[in-house]
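# Structure assessment
Chain by chain, the residues run as shown.
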Amino acid sequence: TPSGMRLVMTTDPASEGMRAVLQRIYADVYVEYVVKNPLAKHGAMIRNELFRTHLNALVRSLPNFP
């Protein structure tokens, strides 16, 4: 990512399109709820309930999610 953040997602090897999903997680969730948050400390554990809620919603909306 441009910020140096590394995103890892454990999926089924048959899952396709995960690169696009990771890009959406970064741009739509991480940037919005962590990078733009003035209270968030770079490199610290993410303890933001909005981040967690939106990440969960995005992942659950994926067709690969059971």
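Here, the structure is the one placed above.
Quick summary incoming for the structure in this document. Model, not experiment: these values are computed from the prediction.

### Structural notes on the pattern of salt bridges
Here the structure, examined in full by the defined rule, presents two salt bridges. One salt bridge in this structure joins D28 and R24, with 3.9 Å as the shortest N-O distance. Placement of the pair is D28 and R24 together in helix α1 (residues 18-35), with a separation of four residues, close to one helical turn. A salt bridge links E32 to K36, with the shortest nitrogen-to-oxygen separation between them at 2.8 Å. Exposure remark for E32: the relative accessible area of 37% places this residue in the partly exposed category.

### Here's the deal with the nonpolar core
Listed in full, the eleven residues of the largest apolar core are M18, V21, I25, Y26, V29, Y30, V31, V34, F51, L58 and L62. For this core, the secondary structure elements donating two or more residues are α1 and α2 (49-60). Broken down by element, this core gets its largest block of residues, eight residues, from α1.

Parameters at a glance
- Residues numbered from 1 in each chain as written.
- Predicted model: local features only at pLDDT ≥ 70, side-chain atom pairs only at ≥ 80, totals over all residues.
- Heavy atoms only, no water.
- Salt bridge = Lys/Arg side-chain N within 4 Å of Asp/Glu carboxyl O.
- Helix = DSSP H or I, 4+ residues; strand = E, 2+ residues; numbered from the N terminus.
- Buried < 20%, exposed > 50% of the residue type's maximum accessible area, 1.4 Å probe, protein only.
- Core = buried A, V, L, I, M, F, W, Y, C linked by side-chain atoms within 4.5 Å.

Everything listed here is a matter of geometry and, on its own, says nothing about what the molecule does.
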